[in-house]
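Tertiary structure, described
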Amino acid sequence: MNEAAAFPLQLLAWLSPAFPVGAFAYSHGLESAVDDGLVRDADGLACWIGDLLRHGSARQDAVLAAEAWRLAPAGDRNALAELNDLGLALAPSRERRLETGGTGRAFADAIRGAWPEGHCSALPAGEDVAYPVAFGATAGTAALPLGASLEALALGFVANLVSAAVRLGPIGQTDGQRVTAMLLPEARRLGAVAAGSTLDDLGACALRSDVAALRHETLYSRLFRS
């Protein structure tokens with residue numbers, strides 16, 4: 001395989017659990033879903049995350065990331081600021097807003113400090129950035145392939161929720177890997193679909209997940225910030 005066709009290893013680094021965005025602190029409402037008995041085992045978790053990839057927040061994130069990828073090379077600060085405002089506004093709860101804005105800002109700060117090839121100066125500075133906007137703008141600035149970037153983003157979303165589920169207790173590590181393997185085709189499908197999307201394709205109907213995110217704000221005992 002020649003170097004031009006090689007998988008962009010930057011994506012593995014940027015979406016690694018070691019990348020300092022603090023994603024480990026968020027469950028995306030999964031904690032309250034487990035507490036309510038909506039997710040009890042590996043099959044239930046796969047269905048929960050699969051719905052988010054097909055119909056929910058993960059799908060919206062991929063559409064937003066694709067748009068940021070297209071806007072970033074032109075360096076249009078106003079267009080990216082508007083997209084960021086939209087990404088933040090789409091969060092259906094206070095904690096989801098905290099999650100996407102906090103991790104996005106941390107992602108942009110880490111890129112700025114250590115990965116100059118991906119630093120997008122047109123991103124809003126010194127304020128929260130919706131995570132998919134920060135990621136998409138970075139991938140676009142670094143001229144990484146759109147399809148591969150979106151697939152990696154989707155798989156990173158899966159991995160983070162699987163990790164949260166393992167820590168919450170309804171599944172073990174082996175089942176966690178089984179769920180990840182089950183959802184790999186969905187991550188690939190989402191990457192392909194989102195690569196051809198526009199903002200007109202935004203929309204979500206994973207209502208149980210949104211309600212779980214709202215309920216988490218009043219959960220008495222919790223491990224996660226969302």
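Residues numbered from 1 in each chain as written. Predicted model: local features only at pLDDT ≥ 70, side-chain atom pairs only at ≥ 80, totals over all residues. Heavy atoms only, no water.

- Looking at an unreviewed UniProt entry, one finds the chain named Urease accessory protein UreF, with Lichenibacterium minor as its source organism.

1. Remarks on the packing of aromatic side chains
- Applying the stated criterion across every chain, the model contains five aromatic pairs.
- A centroid spacing of 5.3 Å and a plane angle of 50 degrees characterise the contact between phenylalanine 19 and phenylalanine 107, whose relative ring orientation is tilted. Of this pair, phenylalanine 19 sits in the loop between α1 (9–14) and α2 (30–35) while phenylalanine 107 sits in helix α6 (residues 94–114), and the two are 88 residues apart along the sequence.
- Among the aromatic side chains, those forming a connected cluster through ring pairs are Trp14, Phe19, Phe107, Trp115, Tyr131 and Phe135. (Phe/Tyr/Trp six-rings, centres within 6.5 Å; stacked < 30°, edge-to-face > 60°. Helix = DSSP H or I, 4+ residues; strand = E, 2+ residues; numbered from the N terminus.)

2. Quick look at the nonpolar core
- Formed by 63 residues in total, the largest nonpolar core has its most connected members in Leu30, Leu45, Ile49, Leu53 and Phe107.
- No other element matches the 12 residues that helix α8 (residues 146–168) contributes to this core.
- The contacts of leucine 30, once residues within four sequence positions are left out, are Val39, Leu45, Trp48, Leu161, Ala164, Ala165 and Leu168. (Core = buried A, V, L, I, M, F, W, Y, C linked by side-chain atoms within 4.5 Å. Buried < 20%, exposed > 50% of the residue type's maximum accessible area, 1.4 Å probe, protein only. Contact = heavy atoms within 4.5 Å.)

3. Description of the side chain of histidine 216
- Mapped onto the fold, histidine 216 is located in helix α10 (residues 207–216).
- Note on histidine 216: relative accessible area 0%, which makes it buried.
- Aside from chain neighbours lying at most four places away, what touches histidine 216 is Glu31, Ser32, Glu95, Arg222, Phe224, Arg225 and Ser226.

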